[in-house]
Amino acid sequence: MFVDKVKVYVKGGDGGRGIVAFWREKYVAEGGPAGGDGGRGGDVIFVVDEGLRTLMDLRYQRHYKAARGEHGRSKSQHGANAEPLRVKVPPGTVVMDEETEDVIADLTTHGAEVVVARGGRGGRGNVRFATPANPAPEIAENGEPGVERWIICELKLLADVGLVGYPSVGKSTLLSIVSAAKPKIAAYHFTTLSPNLGVVDVGDGRDFVMADLPGLIEGAHEGVGLGHQFLRHVERTRVLVHVIDMAGSEGRDPLADYHQINAELSLYNESLAQRPQIVAANKMDVPGAEDNLALFKAEVGDDVQVIPISAATRDGVQALLYAIADALDEAPAASLSGGGSGEAAEQTDYKLYRAAEKQEQFVIRRDNEVFVVESAKLDKLVTMTNFAYQDSIDRFARILRKMGVDDALRERGAQDGDTVRIGELEFEFVE
């Protein structure tokens, strides 16, 4: 089964807890702080494996969670970092964040990898908080939660040449006679339900990868028929071979088919209209095809390269292969961009997209009698604060005052004894 789009859940490992501990040794009456830091949680990393051709593995396992880091130990020992969780994906995979629809990465080369969910850092032990004013602090942090999110993986095939055209015009037959590929061939529409790839040997030392793609119909750019499931694979091809039933089987008009397919390509992605294109005038062995070819050439003009062929008898096929190879020699490298917003950081083997950072703020709102403080930074602070120790509670209160949360609560009318909620923590506001 060919799977080219799937949604998966990924979560980086949580960081290990830092601990509160003190040095205990014979003849050492009052040892100093010796609580170690927790280890870092593992990252979830997508790695390109050229041996894969579909996203089938992701379809049947849709949850990926990396291991958490080890907790800190006494004697200032650091907990071990967790190993990353590596997930193999096929070349041509575009990874997007489901919520923001931002493109995370566009992976195209074997061995390329990208972190899709970063593990949390380990919490600091009390040895990190020792100061001259407080040489024996009872402060330790919990581990930072790992990043978790749903992501969309789309596979866009990496092929040099894409066969486009209406259903039943002979695309699969053409691929089967020029390569070792064995696509399904039958006398009904939409026989091809998923792309097929074949390596074509021209015979003069040149070769290329050709993709037989499911047939287009009117409205494909809006998702009609196989729609977007087909069109996404056209984006990476360098040359398009437009296969047309020049015999006009089933009462079709070759010229109308030509204009309609090109319109669908342009409406989906304007750059496809500028892609080098060769027209393969197929079924020339059928009566009436010669007359239709003459009319077709007269209408489209000399700017369109038209190669008459018969996939059934193989007449003209070699000339078509030479024309395709020549077009590839002149065509620019394929654009591997997956789109998306944010600033793209160009890499040698993939493109990584980073959204612009937003300035951290907090928002205060009322939920009946409760004052709710909303802030990603404060939510993380609550999660990582170990409230079992008074020193940790005092540190938490100092950070709130420094950020201006106390003053903002007073401006909103908070009084002594009112309930304040930050994340999952509720506490009383005290003047």
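Provided above is the structure to which this section pertains.
For the structure given in this document, a descriptive report is provided here. (Residues numbered from 1 in each chain as written. Predicted model: local features only at pLDDT ≥ 70, side-chain atom pairs only at ≥ 80, totals over all residues. Heavy atoms only, no water.)

## Some remarks on the overall build of the protein chain
When you go through the protein chain residue by residue, the secondary structure sums to nine helices and 20 strands. Evaluated residue by residue, the protein chain yields a buried proportion of 47% over its 431 residues. In the protein chain, the share of contacts with a sequence separation of at least 24, taken over all contacts with a separation of at least 6, comes to 72%. Accessible area of the protein chain: about 21,900 Å², with a carbon and sulfur share of 47%. (Helix = DSSP H or I, 4+ residues; strand = E, 2+ residues; numbered from the N terminus. Buried < 20%, exposed > 50% of the residue type's maximum accessible area, 1.4 Å probe, protein only. Contact = heavy atoms within 4.5 Å. Areas by Shrake-Rupley, 256 points an atom, 1.4 Å probe, with all protein chains shown as cover.)

## A word on the environment of Met210
Locating Met210 in the fold gives a position in strand β11 (residues 207–212). Met210 sits in the buried class, given a relative accessible area of 1%. Sequence separation of Met210 and Val200 is ten residues, and the distance between their C-alpha atoms is 6.8 Å. Setting aside its immediate chain neighbours within four residues, Met210 contacts Val161, Leu163, Leu175, Val178, Asn196, Leu197, Gly198, Val200 and Ile324.

## Observations regarding the packing of helix α7 (residues 376–384) against helix α8 (residues 390–403)
Contact geometry for α7 and α8: axes closest at 11 Å, N-to-C directions at 170°. Put simply, α7 runs roughly antiparallel to α8. Only Arg395, Phe396, Ile399, Leu400 and Met403 of α8 make contact with α7, whose side of the interface consists of Lys377, Leu378, Leu381 and Val382. Across the contact of α7 with α8, the residue classes break down as seven nonpolar, no polar and two charged. (Axes fitted to C-alpha atoms, helices over the stretch in contact; angles between N-to-C directions. Parallel < 35°, antiparallel > 145°, perpendicular 65-115°, else oblique. Nonpolar A, V, L, I, M, F, W, Y, C, P; charged D, E, K, R; others polar.)

## Considerations on the pattern of salt bridges
Under the counting rule described, the total for this entry stands at 23 salt bridges. A salt bridge links Asp97 to Arg149; its shortest N-O distance comes to 3.3 Å. Here the residue Asp97 occupies a position in strand β5 (residues 93–97), and Arg149 occupies one in strand β8 (residues 148–155), the gap between them amounting to 52 residues. Relative accessible area serves as the criterion here: at 10%, Asp97 is assigned to the buried category. (Salt bridge = Lys/Arg side-chain N within 4 Å of Asp/Glu carboxyl O.)

## Some words on the nonpolar core
Counting 38 residues, the largest nonpolar core has Leu174, Val178, Phe208, Met210, Leu320 and Ile324 as its most contacted members. Those elements that provide at least two residues to this core are β9 (161–164), α2 (171–178), β11, β12 (239–245), α4 (254–268), β13 (277–282) and α6 (317–330). (Core = buried A, V, L, I, M, F, W, Y, C linked by side-chain atoms within 4.5 Å.)

## Regarding the packing of aromatic side chains
By the definition in use, this model includes four aromatic pairs. Ring centres of Tyr258 and Phe296 lie 5.4 Å apart, and the angle between their planes is 85°; this geometry places the pair in the edge-to-face category. In this pair, Tyr258 is assigned in helix α4 and Phe296 in helix α5 (residues 289–300), connecting sequence segments 38 residues apart. Accessibility classification places Tyr258 together with Phe296 in one group, the buried group. Ring centres of Phe396 and Phe427 lie 6.2 Å apart, and the angle between their planes is 90°; on these two criteria the pair is classed as edge-to-face. With a gap of 31 residues between them, Phe396 in helix α8 and Phe427 in strand β20 (residues 425–428) connect regions that are remote in the sequence. (Phe/Tyr/Trp six-rings, centres within 6.5 Å; stacked < 30°, edge-to-face > 60°.)

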